[in-house]
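Letter by letter, the chains look like this.
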Amino acid sequence: MTGIPSGKLICVGTGMRMAGQITPLAQSYIETADVVLGAVPNLFTRQWLQQIAKEYVCLLGYYSECDRDGKDRRDTYRRMSDTIVAEVRTGKTVCAAFYGHPGIFACISHLAIKAARAEGFSAEMLPGISAEDCLVADLGIDPGTTGMQSMETTQFMVYARKIDPTALLILWQPGLAGELSLKRFETTPDKLQVLVDKLARDYPLDHPVILYEAATNPLEKTRMDTVLLRDMPYAALRQATTLVIPAAHPLKLDEAVMNRLRALDAAALAD
Ligand SMILES: C[S@@+](CC[C@H](N)C(=O)[O-])C[C@H]1O[C@@H](n2cnc3c(N)ncnc32)[C@H](O)[C@@H]1O
């Protein structure tokens, strides 16, 4: 007897593209778990999961609660996590499947793992291929070239953030820009104008930005539309859009740091 209760939770990511971007380990948990609970919006990926899982429970119905009074997205995520942990408590090996990476801009898996561990259950997360991984490949951008900032759009808007326009900036969920009620899944041109005005503190209005949507199946085409920053309020933004803002200025040397490093090298040579 180890004293560890028998239920177990593994949170996995299915990648962005149907079937092809899942790791062998994640797929094997989906195939062997007693039950798979999934929040996977892509119909084809969902059908594939339903075929390979012993039992599949779709969590997407919880999103309709956002339409009801008093229910915001945080309540919905909490209830999804509760549903996952309730299955773990019955002693089952439970696999929770999310598209992309299960822990990137995906709080349900973090909530469920924390709650399961707090009750003594074994709970772990396996990484998956995220939208950010796909955009690096599709757009040919190496985050190491300039460094990368990555944050949620509304968080960027409502908090005082220091943006570095010499580095790449990735804004997630621009399709929900400025949506404070947490009950709707859309933005408006007026709210996007607020976003543009805030970005204009650091970027010229004629700075080209990219609206990126990774293809989620072989028949879809990846969207990589370049628009000028000033035109963003009237651009078509969807829930799957990620906003990619390339660096607007070249990197500038920090002369004080450079001088100190040169002095250290010179001193080492003199020894
Ligand atoms: C709740 S987050 C989920 C992210 C996901 N867990 C991942 O690993 O990429 C939703 C946001 O991910 C991005 N996203 C989702 N699907 C996408 C796609 N097909 N292409 C590009 N970005 C996508 C968008 O910024 C979207 O608003």
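In this report, the structure presented in the accompanying data block is examined. (Residues numbered from 1 in each chain as written. Predicted model: local features only at pLDDT ≥ 70, side-chain atom pairs only at ≥ 80, totals over all residues. Heavy atoms only, no water.)

What follows concerns the overall build of the protein chain. Along the backbone of the protein chain there are 9 helices and 10 strands. The dimensions of the protein chain, computed from C-alpha atoms along their principal axes, are 65 × 60 × 40 Å. In the protein chain, buried positions account for 45% of the 271 residues. Taken as a whole, the protein chain presents about 14,400 Å² of accessible surface, with 54% of it coming from carbon and sulfur. Of the side-chain charges in the protein chain, 28 are positive and 32 negative, and the distance between the mean point of each set is 4 Å. (Helix = DSSP H or I, 4+ residues; strand = E, 2+ residues; numbered from the N terminus. Buried < 20%, exposed > 50% of the residue type's maximum accessible area, 1.4 Å probe, protein only. Areas by Shrake-Rupley, 256 points an atom, 1.4 Å probe, with all protein chains shown as cover. Lys, Arg positive; Asp, Glu negative; His and termini not counted. Charge placed at Lys NZ, Arg CZ, Asp CG, Glu CD.)

Structurally, T216 is set in the loop between β8 (208-213) and β9 (223-228). Only 3.1 Å separates the side chain of T216 from the side chain of N42, close enough to count as a polar contact. Apart from the residues lying within four places of it in its own chain, the contact partners of T216 are M16, R17, M18 and N42. (Polar contact = N/O pair within 3.5 Å; in protein donor to acceptor, adjacent residues only side chain to side chain. Contact = heavy atoms within 4.5 Å.)

On to the packing of aromatic side chains, then. For any pair of aromatic rings, the description rests on two quantities: the centre-to-centre distance and the angle between the ring planes. Applying the stated criterion across every chain, the model contains 1 aromatic pair. Measuring from ring centre to ring centre gives 4.4 Å for F105 and W172, while their planes differ by 20°; the resulting arrangement is stacked. Residue F105 is found in the loop between β4 (93-98) and α4 (107-118), and its partner W172 is found in strand β7 (residues 168-172); the two are separated by 67 residues along the sequence. Judged by its relative accessible area of 41%, F105 is partly exposed. (Phe/Tyr/Trp six-rings, centres within 6.5 Å; stacked < 30°, edge-to-face > 60°.)

This next bit is on the site of the ligand. Around the ligand there are 18 residues in total, and H101, A131, A214, Q239 and T242 lie nearest to it. Note that an oxygen atom of the ligand is positioned 3.1 Å from one of the backbone N or O atoms of T241. For the ligand, the accessible surface in isolation is 570 Å², of which the surrounding protein chains cover 92%. A breakdown of the residues in the shell around the ligand according to their chemical character gives 9 nonpolar, 8 polar and 1 charged. Taken domain by domain, the makeup of the shell around the ligand includes at least three residues from each of domain 1 (8-129) and domain 2 (132-245). (Near = heavy atom within 4 Å. Nonpolar A, V, L, I, M, F, W, Y, C, P; charged D, E, K, R; others polar. Domains from an automatic or database assignment.)

Purely spatial values, then, with no claim about function.
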